[in-house]
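Close look at the chain arrangement
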Amino acid sequence: MQWLSGLANIVKDSLWQANCPLCKRPADRILCKDCDRQITAYQAPEFLQKDHPIAPDIPLYSWGIYDGALKRAIAACKYENHPEIMEAIAVKIGDTWKRSPHTQSLTKKYKKLTVVPIPLHDNKLKVRGFNQAEILARRFCDVTMLPCNPQLLQRVKDTKAQMQTKSKQERKQNLSRAFAVLSTRLSDQRDVILFDDIYTSGATIREAITTLKASSINVRSVVVLARPQFDR
Ligand SMILES: [Zn+2]
């Protein structure tokens with residue numbers, strides 16, 4: 001049975017190794033200091049994207065710029081199966097939220113804000129094993145003490161990546177009726193903060209807002225981990 005306990009040790013070691021998922025060097029936290037610093041270098045100058053609201057009454061908050069080390073970290077999370085990277089970054093977003101004067105006025109204005117992550121379709125969830133937006137949102141809520149409801153919004157259509165669509169018409173069609181609201185989970189959650197990992201054209205977010213609105217749920221702000229460099 002020697003080989004069996006040897007095997008058990010190998011499994012145990014590989015489960016509990018404290019190596020940074022990005023550079024594989026030993027780390028005392030999820031990310032090593034070096035990778036953490038490189039990611040933080042892509043923090044956006046302002047959390048509130050003042051010139052790029054989703055709608056006049058829906059502000060967009062983005063923690064970072066989708067580029068460099070942050071872009072690589074998001075890819076490693078999604079495609080190399082390292083959801084813990086999102087846990088580490090979510091804490092940064094939560095801390096930034098708590099420090100922002102804009103978010104404080106928002107939480108004062110709407111007393112019952114619920115955080116709702118953009119859901120993945122079951123097919124994608126099965127392939128990836130986790131929804132990175134949900135991991136971000138849950139950890140963000142641990143830090144900010146806001147309630148999280150990952151079940152409120154459902155992805156009912158397995159959409160293509162918007163990049164794979166060829167025309168404007170196809171892009172619109174692709175996202176049309178992509179979401180549904182699970183009414184049994186509604187209760188009194190009428191004011192929500194939508195949460196996603198990457199903001200690109202905003203089309204997915206807008207479709208989710210429309211779906212929620214049809215169930216009398218108002219999106220009061222959108223928080224994302226990263227947005228692309230906006231054209232000036
Ligand atoms: Zn590292």
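Residues numbered from 1 in each chain as written. Predicted model: local features only at pLDDT ≥ 70, side-chain atom pairs only at ≥ 80, totals over all residues. Heavy atoms only, no water.

Let's talk about the coordination of the zinc ion
Rules: Note that water is not among the atoms considered, so a metal site may appear incomplete; the donors listed are N, O and S atoms within 2.8 Å of the metal, with 3.2 Å applied to Na, K and Ca. Square planar and octahedral sites, with four and six donors, are those where opposite donors lie more than 155 degrees apart and all other angles lie between 65 and 115, tetrahedral sites have four donors with every angle between 85 and 135 degrees, and the rest are irregular. Think of it this way: any DSSP run of H or I at least four residues long counts as a helix, any run of E at least two long counts as a strand, and we number them from the N terminus. Buried residues are those whose accessible area, probed at 1.4 Å on protein chains only, stays under 20% of the maximum for their type, while exposed residues exceed 50% and partly exposed ones sit between those limits.
On the protein side, the zinc ion has C20 (SG), C23 (SG), C32 (SG) and C35 (SG) as donor atoms, found 2.3 Å from it. Every donor counted, the 4 donor atoms about the zinc ion form angles of 102 to 116° at the centre, which fits tetrahedral coordination. Coordination of the zinc ion draws on donor residues from a single chain, spaced C-x2-C-x8-C-x2-C in sequence. Linking C20 in the loop between α1 (2-16) and α2 (33-40) with C35 in helix α2, this pair joins segments that are 15 residues apart in sequence. Given a relative accessible area of 1%, C20 falls into the buried group.

Considering the sheet that holds strand β6 (residues 218-227)
Here is the rule: In this description, strands pair whenever DSSP reports at least two bridges between them. Between N-to-C directions, angles span 0 to 180 degrees; the directions come from axes that are lines fitted to C-alpha atoms, helices contributing only their stretch in contact. By definition, residues are in contact when any of their heavy atoms lie within 4.5 Å.
Sheet architecture is open: 4 strands sit in the order β1-β6-β5-β2, paired in parallel fashion. Two strands in the sheet have a free side with no partner beyond their single neighbour: β1 (60-65) and β2 (113-117). Shown here is a sheet whose adjacent strand axes are inclined to one another by a mean of 20°, direction ignored. Its contacts with the sheet place helix α4 (residues 84-99) against β1, β5 (191-198) and β6, and it is angled at close to 125° to β6.

Here we look at the pairing of β5
The side chains of a regular strand alternate between the sheet's two faces. Counting buried positions over the 8 residues of β5 gives 8, a clear majority of the element. Where β5 lies against β6, 7 bridges are found, and the strand directions are parallel. Among the inter-strand pairings, I193 is bridged to a residue of β6, identified as S221.

Focus: the pattern of salt bridges
Put simply, the test is: One speaks of a salt bridge when a side-chain nitrogen belonging to Lys or Arg is within 4 Å of a carboxyl oxygen belonging to Asp or Glu.
With the rule as written, the count across this model stands at 9 salt bridges. With a closest N to O distance of 3.5 Å, D158 and K124 form a salt bridge. Taken as a pair, D158 in the loop between β3 (153-155) and α8 (168-175) and K124 in helix α6 (residues 122-128) lie far apart in primary sequence, 34 residues in all. Across the pair D142 and R139 runs a salt bridge whose closest N-O atoms are separated by 3.1 Å. Residue D142 and its partner R139 are located together in helix α7 (residues 132-144), separated by 3 residues, close to a single helical turn.

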